[in-house]
Amino acid sequence: MEGHQVRALYDFTGEPGTSELSITAGEVLSVMRDNVGDGWCEGFNQNGKSGLFPAAYVQIIETPTSVPNAMISSQQSSGDYWDDDWDDDSEVGQTQAYIPQQQQQQQQQQHMLQLSQHHSVDYDLVSIQTIHSVIPERPIPNIPKKNNKFSTLIKSGEDSFLLGMKVANVPESEKIYIDESENGRHRWVSRGELYSCVVTSPKKESKLKGLKSFIVYQLTPTFNNIQVSRRYKHFDWLHERLEEKYCFIPIPPLPDKQISGRYEEQFIEHRRTQLQEFVDYVCRHPVLARSRVWEHFITCTDEKRWKAGKRQAEKDELLGVNYFNAIQCPETTLDVIKVEIQTDTFSRFISGLDPVVKNFMAMAVDQTKKNQVLYKREFQKIGQSFNALSHALEGDDSSRGRLTYALKVTGDAYNDIGKLYEEQPKFDWEPLADKFHIYKGIINSFPDVISIHKTAVQKRKDYEKLVSEHKMEPQQLRDLSHRTDVIARALLAEEMHFQTEQEIYLTQTMKTHLTEQISFYQKIVDKLREALNAYEE
């Protein structure tokens, strides 16, 4: 890879005191090493300054003559591919940009073979076409990953489950239970004692002799009080596993990924509180809290066992619709019409709630910004005006003394109020936005969960028609109807859990927010009262 040039796609500011190299979008860089690790490259700019920069921030500048050399060179082993993939701690999203040399060679060879089978063209032209097939002219924009649970259902074999063509062997530890009350309400049955898990002590660590830095968070579950260390990429891996495994449960979202400023103290602490919200929701969920991959995540302290558990989770076949085989629920037949009405009502409720929640969260974020910038600046301007008046009156001998002092106290009070506005969001508006970030993510996922049930219902209607046409046995339809009821009960149980969360924890969130607001405005009253007293003394 030595000697290859790349073009910067984005600005990157290297952290002071490290070996990171600041780059500017459009700048041409020369790569010395592309296997530094963690998605970083080592190279130098046109001024001769060298250092590390993110591989995802640059795009290779290829020339036609360099392709043959790359194609005839033998592919070298880069060690354990799983470790290399796992060690990628990038938070820049899904940008296709710089591609390591070995991957380029493999893709280029495949593309050349395809071209040679269909066309007879000049080799230089083939080289150019190969380059453009591997590296796009323009970077793909950062697009948030959307969890499409319906596609998960299709991939996992919807017909196989509904027709009982594939019966999964479900171990006792993987079974989940649904209880039905006398009034027809369904709920997940919690197995084991309730527990919580705290996210604490974020600290900056490094590897590669200080060349790569990252933040480590400490997680301590209450059932064993044993602390484990996890990075954001570990949370990201866990989230992906939970989404794949539980197609019938909306998985709470993680904090948004961050391109810059990841090592600022304020950002680190805010991310800790956001991760705490994610962890709290999982711990409160009767199914997720007992998930094997989740328990592995919050308990494993040994590196070898961690990697073995990770491989096992990634090979898990009890995923998506196949996991409906693990649901243990009553055998009674559901009222099809009643369930359909209830599901449609809930679907309309979610559709109407979605834009309102998004707007509410945007409001909370907007208030945070206004408090920290606009309101702070306005009150400081007021304070400066009072202080300027105090200073001007000092020029008149008759005005010296108590009045000028009181005006200064008033100016200082308004300055302090501006600082209160700057500090306050972390106590009220930020926690409110973090809570609604979780809430918004759950609501966004519910349409996919509901669509699984609707698809199963439509499938049952199709097979009812086949039975009426004597193209399917009635017993097969009864079995299919039972499995459709399993999907319906899972949806009803998750709906019940969502309503409980909404009632209990949103109430608690609002009470906390208003308590902090009252405390905040009381501090403002105290500051103004101090200023008033200065005129009366």
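Quantities reported herein were computed from a predicted structural model and do not represent experimental measurements.

Student: Explanation requested: the packing of aromatic side chains in the structure shown.
Tutor: We describe a pair of aromatic rings using the distance from one ring centre to the other and the angle between the two ring planes. Here the structure, examined in full by the defined rule, presents 26 aromatic pairs. Ring geometry for Phe 379 and Tyr 414: centres 6.3 Å apart, planes at 20°, overall stacked. Taken together, the positions of Phe 379 in helix H11 (residues 336-393) and Tyr 414 in helix H12 (residues 402-423) put the pair 35 residues apart, joining distant regions of the chain. A ring pair is formed by Tyr 421 and Phe 520, whose centres lie 4.9 Å apart and whose planes are at 85°; its orientation type is edge-to-face. Of this pair, Tyr 421 sits in helix H12 while Phe 520 sits in helix H14 (residues 474-536), and the two are 99 residues apart along the sequence. One exposure class covers both Tyr 421 and Phe 520, and it is buried. Taken together through their ring pairs, the aromatic side chains of Phe 346, Phe 349, Phe 360, Phe 436, Tyr 439, Phe 446 and Phe 498 make up a single cluster. Geometry around Tyr 232 places Arg 271 over its ring, the cationic atom sitting 4.1 Å from the centre. Positioned above the aromatic ring of Tyr 505 is the side chain of Arg 284, whose terminal nitrogen or guanidinium carbon lies 3.8 Å from the ring centre.

Student: How should the environment of Pro 330 be read in this particular structure?
Tutor: Within the secondary structure layout, Pro 330 lies in the loop between strand S11 (327-328) and H11. Pro 330 sits in the partly exposed class, given a relative accessible area of 22%. Along the backbone, Pro 330 and Ile 178 are 152 residues apart, and their C-alpha atoms lie at a distance of 7.6 Å. In contact with Pro 330, other than residues within four places in its own chain, are Ile 178, Glu 180 and Arg 489.

Student: Honestly, helix H9 (residues 292-299) in this entry has me stumped. Any pointers?
Tutor: When H9 is considered as a whole, its buried residues turn out to be Val 293, Trp 294, His 296, Phe 297 and Ile 298. Tucked inside the fold, the buried residues of H9 contact strand S8 (197-207), strand S9 (212-221), strand S10 (228-230), helix H7 (232-245), helix H8 (265-284) and helix H10 (303-314).

Student: Got a minute to help me understand the nonpolar core in this structure?
Tutor: For soluble globular proteins, the rule of thumb is that nonpolar side chains tend to be buried together. Ranked by internal contacts, the top residues of the largest apolar core, which has 80 residues, are Leu 219, Phe 248, Phe 278, Trp 294 and Phe 324. Looking at this core element by element, the count peaks at 15 residues for helix H13 (residues 429-468). In this structure, this core is formed jointly by two domains, domain 2 (195-330) and domain 3 (341-534), each of which donates at least three residues. Residue contacts for Trp 294: discarding those within four places in its chain leaves Tyr 195, Leu 238, Phe 278, Val 279, Val 282, Cys 283, Leu 288 and Ala 289.

Student: What's the story with the sheet that holds strand S7 (residues 186-188) in this structure? I'm lost.
Tutor: Whether parallel or antiparallel, the strands of a sheet pair through hydrogen bonds between backbone atoms. Taken in spatial order, the three strands of this open sheet run S7-S6-S11, and their pairing is mixed. Among the strands making up the open sheet, the edge pair consists of S7 and S11. Of the strand pairs in this sheet, strand S6 (residues 176-180) and S7 are connected by three bridges, and their pairing is antiparallel. The partner of Ile 178 across the bridge, within S7, is Trp 188. Sheet contacts for H14: S6, S7 and S11; angle to S7, the most-contacted strand, approximately 80°.

Student: What exactly am I supposed to notice about the packing of H12 against H14 here?
Tutor: In a packed pair of helices, the relevant descriptors are the angle between the two axes and the axis-to-axis distance. The N-to-C vectors of H12 and H14 enclose an angle of 170°; their axes lie 8 Å apart at closest approach. Taken as axis vectors, H12 and H14 run roughly antiparallel relative to one another. The class makeup of the residues in the contact of H12 with H14 is 17 nonpolar, one polar and five charged.

Student: How should I be thinking about unusual backbone geometry in this particular structure?
Tutor: Among all residues except glycine, the phi angle is most often negative; among peptide bonds, the trans geometry is most common. Positive phi outside glycine occurs at Asn 225, with the angle close to 55°. Structurally, Asn 225 can be placed in the loop between S9 and S10. Residue Asn 225 is classed as exposed on the basis of its relative accessible area, which comes to 59%.

Student: Explain the pairing of strand S1 (residues 5-8) to me, please; I cannot follow it from the model alone.
Tutor: A regular strand places its side chains on the two faces of the sheet in alternate fashion. Going residue by residue along S1, you find Val 6 and Ala 8 tucked away on one face and Gln 5 and Arg 7 left uncovered on the opposite face. Here S1 runs beside strand S5 (residues 58-61); their pairing, made up of four bridges, is antiparallel. What sits directly across from Arg 7, in S5, is Gln 59.

Student: Explain the confidence of the model for the protein here, please?
Tutor: Note: predicted coordinates in regions of low pLDDT should not be interpreted at a detailed level. Looking at the protein, the pLDDT average stands at 81 and 78% of residues meet or exceed 70. The low-confidence segment residues 65-90, where pLDDT is below 50, has 43 contacts with residues more than four positions distant or belonging to other chains. Contacts of residues 152-156 to residues separated by more than four positions or lying in other chains number ten contacts, the stretch itself having pLDDT below 50.

Student: Where do I start with the environment of Gly 309 in this structure?
Tutor: For Gly 309, the location among the structural elements is in helix H10. In the structure, Gly 309 is positioned twelve residues away from Phe 297 in sequence and 9.0 Å away in space, judged by C-alpha atoms.

Student: Sorry if this is basic, but what is going on with the pattern of salt bridges here?
Tutor: Opposite charge on two side chains makes pairing possible when the charged atoms of those side chains draw close. According to the stated counting rule, one finds 27 salt bridges in the structure shown. We note a salt bridge from Asp 354 to Lys 358, for which the minimum N-O separation is 3.4 Å. Here Lys 358 and Asp 354 lie together in helix H11, a separation of four residues that amounts to about one turn. The closest approach of N and O atoms between Lys 381 and Glu 378, which form a salt bridge, is 3.9 Å. On the criterion of helical spacing, the pair formed by Lys 381 and Glu 378 is a turn pair, its members being three residues apart in helix H11.

Cut-offs used in this document
- Residues numbered from 1 in each chain as written.
- Predicted model: local features only at pLDDT ≥ 70, side-chain atom pairs only at ≥ 80, totals over all residues.
- Heavy atoms only, no water.
- Phe/Tyr/Trp six-rings, centres within 6.5 Å; stacked < 30°, edge-to-face > 60°.
- Helix = DSSP H or I, 4+ residues; strand = E, 2+ residues; numbered from the N terminus.
- Buried < 20%, exposed > 50% of the residue type's maximum accessible area, 1.4 Å probe, protein only.
- Lys NZ or Arg CZ within 6 Å of the ring centre and 35° of its normal.
- Contact = heavy atoms within 4.5 Å.
- Core = buried A, V, L, I, M, F, W, Y, C linked by side-chain atoms within 4.5 Å.
- Domains from an automatic or database assignment.
- Pairing = 2+ DSSP bridges.
- Axes fitted to C-alpha atoms, helices over the stretch in contact; angles between N-to-C directions.
- Parallel < 35°, antiparallel > 145°, perpendicular 65-115°, else oblique.
- Nonpolar A, V, L, I, M, F, W, Y, C, P; charged D, E, K, R; others polar.
- pLDDT = per-residue confidence, 0-100.
- Salt bridge = Lys/Arg side-chain N within 4 Å of Asp/Glu carboxyl O.

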